[in-house]
Amino acid sequence: VDGIFMMPSPCHDLTGTLARVGGTITVTISATDRGTGCPAVIQPMDYRMQGFGMSRGIYRVTVYHQVAGSARRLINEAEVTVN
């Protein structure tokens, strides 16, 4: 999964989680404020998340973004074929 997260300030760290149940994969990318008092300036950050050892098949991948303290937001949902 490659993406761009529009963070509320440059003083956020990104972390990712991946959950798989059968053929459904849910990826959540979270931005957490470092608490350093940065100005509220929108800051884009690229990210890449990879999964290894997947069996062949078709998977439904859903990606969410979440800023700490807020509800997560659906970013993309797609079927992915692993050959």
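Before reading on, note that the structure itself is shown above.
Residues numbered from 1 in each chain as written. Predicted model: local features only at pLDDT ≥ 70, side-chain atom pairs only at ≥ 80, totals over all residues. Heavy atoms only, no water.

### What to know about the nonpolar core
Of all hydrophobic cores here, the largest spans 11 residues; its members are F5, M7, I25, V27, I29, A31, Y47, M49, Y59, V61 and V63. Among the secondary structure elements, those contributing two or more residues to this core are β1 (2-7), β3 (24-33) and β5 (57-67). Residue contributions to this core peak at 4 residues, all from β3. In contact with M7, other than residues within four places in its own chain, are H12, L14, A31, V41, I42, Q43 and M45. (Core = buried A, V, L, I, M, F, W, Y, C linked by side-chain atoms within 4.5 Å. Buried < 20%, exposed > 50% of the residue type's maximum accessible area, 1.4 Å probe, protein only. Helix = DSSP H or I, 4+ residues; strand = E, 2+ residues; numbered from the N terminus. Contact = heavy atoms within 4.5 Å.)

### Observations regarding the packing of aromatic side chains
Aromatic rings considered in pairs are described by the distance between their centres and by the relative angle of their planes. One pass over the structure, following the stated rule, counts 0 aromatic pairs. Directly above the ring of Y64 sits R72, whose terminal nitrogen or CZ lies 3.8 Å from the centroid. (Phe/Tyr/Trp six-rings, centres within 6.5 Å; stacked < 30°, edge-to-face > 60°. Lys NZ or Arg CZ within 6 Å of the ring centre and 35° of its normal.)

### Digging into the sheet that holds strand β2 (residues 12-21)
Spatially, 4 strands are ordered β2-β3-β5-β6 in an open sheet, and the strand pairing comes out mixed. Of all strands in the sheet, those bounded by a partner on one side alone are β2 and β6 (73-82). Averaged over all pairs of adjacent strands, the angle between their axes in this sheet comes to 20°, without regard to strand direction. Sheet topology places β3 next to β5; 8 bridges connect them, and they run parallel. Opposite V27, over in β5, you have V63 as the bridge partner. (Pairing = 2+ DSSP bridges. Axes fitted to C-alpha atoms, helices over the stretch in contact; angles between N-to-C directions.)

### Overview of the state of the cysteines
Considering all chains together, one arrives at 1 disulfide under this definition. Covalent S-S linkage joins C11 and C38, the inter-sulfur distance amounting to 1.4 Å. Residue C11 is located in the loop between β1 and β2, and its partner C38 is located in the loop between β3 and β4 (43-48); the two are separated by 27 residues in the primary sequence. (Disulfide = S-S within 2.5 Å.)

### Some points on the side chain of S30
Following the sequence through the fold, S30 ends up in strand β3. Setting aside residues no more than four positions away along its own chain, S30 makes contact with D13, L14, T15 and Q66.

### Looking at the environment of R73
Position of R73 among the secondary structure elements: in strand β6. Once residues lying within four places of it in the same chain are set aside, the contact partners of R73 are V63, Y64 and H65.

### Focus: a nonpolar patch on the surface
Judged by side-chain polarity, I4, M6 and I42 come together as a nonpolar surface patch covering roughly 310 Å² of accessible area. Summarising the element assignment, M6 is placed in strand β1. Judged by relative accessible area, which is 47%, M6 ranks as partly exposed. (Patch = residues over 30% accessible without salt bridge, like charges linked within 9 Å, V, L, I, M, F, W, Y side chains within 5 Å. Areas by Shrake-Rupley, 256 points an atom, 1.4 Å probe, with all protein chains shown as cover. Salt bridge = Lys/Arg side-chain N within 4 Å of Asp/Glu carboxyl O.)

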